[in-house]
Amino acid sequence: MKKLPDGFVKKMNDLLKDEAEDFFATYKETRLGGLRINPLKIQSEQWEKQSPFPLKNIPFVENGYYYSLEKYEPGKHPYHFAGVYYIQEPSAMFVAPLLDVKPGEKVLDLCAAPGGKTTQIGASLKQQGILVANEIHPKRAKVLSENVERFGLQNAIVTNETPERLAQHFPSYFDKIIVDAPCSGEGMFRKDPEAIEYWSEQHVLACQKNQMNILDAAVQMLREDGILVYSTCTFSPEENEQVIERFLDQYPNMELIDIEKGKGIENGRPEWSRTKREELKKTARLWPHKLDGEGHFVAKMKKSAPAPSSDVKTFKIPKNKKPFHLYFEFEREMFGDRMFSNIVNFGNVLHHLPDYCPDLTGLKVLRAGVHLGELKKNRFEPNHALGLTLKKEQVNHVLELASDETNWIRYIKGETLPAKDLKNGWTLITVDGFPLGWGKVVQSIIKNYYPKGLRWMKENIPVVEK
Ligand SMILES: C[S@@+](CC[C@H](N)C(=O)[O-])C[C@H]1O[C@@H](n2cnc3c(N)ncnc32)[C@H](O)[C@@H]1O
């Protein structure tokens, strides 16, 4: 590992005093990887029987598991391509459940890429309600959108906006908002040594300023009684307790809610704030020397005073369904019945939008609801996103591949597959029953519709055990 910055070492020694030795000892330890299963695709009982790697439960998160980073590469297993799980740093999994999301709610993930918290929230919403996942950087927004697709979320809207522009569009709209803020990343020095290079006291203060601006935008979008969760993956009090105390001073209608702390999770540190207010103990800190995971800080707040009522309009779903008849033919053939109802078209591209989808006019939107596919001349071509949100049992035409055979590798590399005894037309390709994407049977081969941008381009075949 790279050498830790002298200024950081001195600062942590001053802050942690007797604890500093234990804290710095973790930089010599091997850390554990984390993965979180997707309950929209598999339940924990089945997963624990079927997991291809030995796993251990993460005690502070439902559906989260540790794995050995030295021995396994779950990112190369077909279940990853099928969105059966999301690879996420264990401590990071603690944050999103604090929103206590219920199906049907309107939730905003304001700093969302690559999508760890978005996918976790999406699973809690159970495809009901609205999840706006926003990312300011275009390239990262694309990755976020791909992860939302892989997870099979049907009610997510992925935007690429600044927090300020989003705040103009969604005044007092959301029930729950998460600000997983860009930060100096001190808590990730073990995982992402590049963060070490960026570290300086000035960078910490620049992050603080940015974080306060993002919170200013977030609070405008929260409804009365709405919940706001703020988190960072850094230790610096300037970006944690001190951001929260300034925020509470500025917005007296926001109140801190106590976070329930299980074993290894500690209170925030009032003594590291300017005002030393005791209530900062309600925030939480995750330390690498207290649990198996990296460093995190979380605060949970509630808007207690009235907020102006939201006048965000809902998206108008076209009543005339005639232009969609080629899609309906596809639905009948593939599913035997109607599957999606809120269908809208953007040119020839069809989407299914979540119920009560807000009007998105003027926003940069990368994905809204389920991208069903495209109307081409005399035919409908299904999109990858539609395949990944389906369950094998819903589909009439399926080619089942197995994770312990090599055809799934050929498929994600973009090769054709043999199609003995299959009817001509679209077929869903699955691995051990989990959808991987589409193929089209033509005579005795399956043409490959795995998206070009997602194909496995490397020569070597993916291996799961190192
Ligand atoms: C800690 S990461 C988010 C991680 C994500 N929530 C997850 O769980 O996968 C912070 C994100 O904020 C974005 N960001 C950077 N500057 C921002 C700004 N001024 N406003 C909003 N987001 C910003 C970064 O590009 C980054 O993707």
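Residues numbered from 1 in each chain as written. Predicted model: local features only at pLDDT ≥ 70, side-chain atom pairs only at ≥ 80, totals over all residues. Heavy atoms only, no water.

- Identification of the protein as RsmF rRNA methyltransferase first C-terminal domain-containing protein from Fervidibacillus halotolerans is taken from an unreviewed UniProt entry.
- One UniProt comment on the protein, placed under Sequence similarities (unreviewed entry), says "Belongs to the class I-like SAM-binding methyltransferase superfamily. RsmB/NOP family." (UniProt positions renumbered as here; feature names shortened; annotations may be inferred.)

## Notes on unusual backbone geometry
Part 1: Ala113 connects to Pro114 through a cis peptide bond whose omega is 5°.
Part 2: Inspection of the secondary structure puts Pro114 in the loop between strand 5 (106–109) and helix 5 (116–125).
Part 3: At Asp225, a residue that is not glycine, the phi angle is positive and equals roughly 70°. (Helix = DSSP H or I, 4+ residues; strand = E, 2+ residues; numbered from the N terminus.)

## Notes on the sheet that holds strand 1 (residues 33–37)
Part 1: Strand order in the open sheet formed by four strands is 2-3-1-4, with antiparallel pairing between adjacent strands. Either end of the sheet is taken by a strand with one partner, and the two such strands are strand 2 (56–57) and strand 4 (85–87).
Part 2: Across two bridges, strand 2 lies against strand 3 (residues 64–67) in antiparallel orientation. Counterpart to Lys56 in the pairing with strand 3 is Tyr66.
Part 3: Along the sheet face, helix 6 (residues 138–151) touches strand 1 and strand 4 and points at about 150° away from the line of strand 4. (Pairing = 2+ DSSP bridges. Contact = heavy atoms within 4.5 Å. Axes fitted to C-alpha atoms, helices over the stretch in contact; angles between N-to-C directions.)

## So, the site of the ligand
Part 1: Close to the ligand lie 17 residues, the nearest being Gly116, Glu135, His137, Arg140 and Asp180.
Part 2: In this structure, Lys117 approaches the ligand through a main-chain N or O atom, which is 3.1 Å from an oxygen atom.
Part 3: Protein contacts shield 85% of the accessible area of the ligand, which totals 600 Å² for the unbound molecule.
Part 4: One can see that the ligand is located within the largest pocket.
Part 5: Contributions of two or more residues to the shell around the ligand are made by helix 5 and helix 9 (201–220). (Near = heavy atom within 4 Å. Polar contact = N/O pair within 3.5 Å; in protein donor to acceptor, adjacent residues only side chain to side chain. Areas by Shrake-Rupley, 256 points an atom, 1.4 Å probe, with all protein chains shown as cover. 1 Å grid on protein atoms, 1.4 Å probe; cavity = no way out; pocket = protein on both sides within 12 Å on 5 of 7 lines; lining within 4 Å. Sits in = over half its atoms within 2 Å of the grid points.)

## Quick word on empty space enclosed by the protein
Part 1: On inspection of all chains with the given rule, the structure shows one cavity of 30 Å³ or more.
Part 2: Within this model, the largest cavity holds a volume of roughly 40 Å³.
Part 3: Forming the boundary of the largest cavity are Val148, Glu149, Gly152, Leu153, Arg367, Gly369, Val370, His371, Ala385 and Thr389.
Part 4: Within the residue set of the lining of the largest cavity, elements represented by two or more residues are helix 6, strand 17 (370–376) and helix 12 (384–389). (Points joined across faces, edges and corners; volume = space filled by probe spheres on them.)

## Side note on the packing of aromatic side chains
Part 1: On inspection of all chains with the given rule, the structure shows 33 aromatic pairs.
Part 2: A ring pair is formed by Phe60 and Phe94, whose centres lie 6.2 Å apart and whose planes are at 75°; its orientation type is edge-to-face. Of this pair, Phe60 sits in the loop between strand 2 and strand 3 while Phe94 sits in the loop between strand 4 and strand 5, and the two are 34 residues apart along the sequence.
Part 3: Given a relative accessible area of 17%, Phe60 falls into the buried group.
Part 4: The buried category is assigned to Phe94, whose relative accessible area is 7%.
Part 5: Between Tyr327 and Phe330 the ring centres are 6.4 Å apart and the planes differ by 25°, which places this aromatic pair in the stacked class. (Phe/Tyr/Trp six-rings, centres within 6.5 Å; stacked < 30°, edge-to-face > 60°. Buried < 20%, exposed > 50% of the residue type's maximum accessible area, 1.4 Å probe, protein only.)

## A few points about the UniProt feature "active site" (unreviewed entry) in the protein
Part 1: UniProt's entry tags Cys233 with the feature "active site" (unreviewed entry), counted in the numbering of this structure.
Part 2: Note on placement: Cys233 falls in the loop between strand 9 (222–232) and helix 10 (241–250).
Part 3: Excluding its chain neighbours within four sequence positions, the residues that come into contact with Cys233 are Cys183, Gly185, Glu186, Gly187, Met188, Gly295 and His296.

## Brief notes about helix 6
Part 1: Taking 1.5 Å as the rise per residue, helix 6 with 14 residues should run 20 Å; its terminal C-alpha atoms sit 20 Å apart, in good agreement.
Part 2: Of the residues making up helix 6, those classed as buried are Ala141, Leu144, Ser145, Asn147, Val148, Glu149, Arg150 and Phe151.
Part 3: Of the residues trailing helix 6, Gly152 is marked for its positive phi of about 80°. (Expected span 1.5 Å × (residues − 1).)

## As for the pairing of strand 6 (residues 130–134)
Part 1: Along strand 6, five of the five residues are buried, which leaves the element largely enclosed by surrounding structure.
Part 2: Neither face of strand 6 is exposed, since Ile130, Val132 and Asn134 on one face and Leu131 and Ala133 on the opposite face are all buried.
Part 3: Across four bridges, the pairing between strand 5 and strand 6 is parallel. Considered in strand 6, the bridge of Asp109 is made with Ala133.
Part 4: Note that the unit made of strand 5, helix 5 and strand 6 has a crossover that is right-handed.
Part 5: For the segment spanning strand 6, helix 6 and strand 7 (residues 156–159), crossover handedness is right-handed. (Right-handed = clockwise from strand over helix to strand, strands pointing away.)

## A look at helix 11 (residues 325–335)
Part 1: Taken as a whole, helix 11 has its buried residues at Leu326, Tyr327, Phe328, Phe330, Glu331, Met334 and Phe335.
Part 2: Of the residues flanking the end of helix 11, it is Gly336, one or two places downstream, whose phi is positive at about 80°.

## Here we look at the UniProt feature "domain: SAM-dependent MTase RsmB/NOP-type" (unreviewed entry) in the protein
Part 1: Per the UniProt record, the feature "domain: SAM-dependent MTase RsmB/NOP-type" (unreviewed entry) sits at residues 23–304.
Part 2: From the first C-alpha to the last, residues 23–304 spans 37 Å; its make-up is 28% helix and 22% strand.

## Topic: the sheet that holds strand 20 (residues 417–418)
Part 1: Read from one edge of the open sheet, five strands run 19-21-22-23-20, paired in mixed fashion. In this open sheet, the two edge strands, each paired with only one partner strand, are strand 19 (398–401) and strand 20.
Part 2: Pairing of strand 22 (residues 434–442) with strand 23 (residues 445–448), which is carried by four bridges, proceeds in the antiparallel orientation. Counted as the bridge partner of Val441 is Ile446 from strand 23.
Part 3: Sheet strands in contact with helix 11 are strand 21 (425–431) and strand 22, and its direction is about 50° off that of strand 21.

## Describing the pattern of salt bridges
Part 1: Enumeration over the complete set of coordinates arrives at 32 salt bridges.
Part 2: For Arg285, the salt bridge is made with Glu241, and the minimal N-O distance between the two is 2.8 Å. You can see Arg285 sitting in strand 12 (residues 284–286) and its partner Glu241 sitting in helix 10, a full 44 residues away along the chain.
Part 3: Each of Glu19, Glu266, Arg269, Glu271 and Lys290 takes part in one network of salt bridges that share partners. (Salt bridge = Lys/Arg side-chain N within 4 Å of Asp/Glu carboxyl O.)

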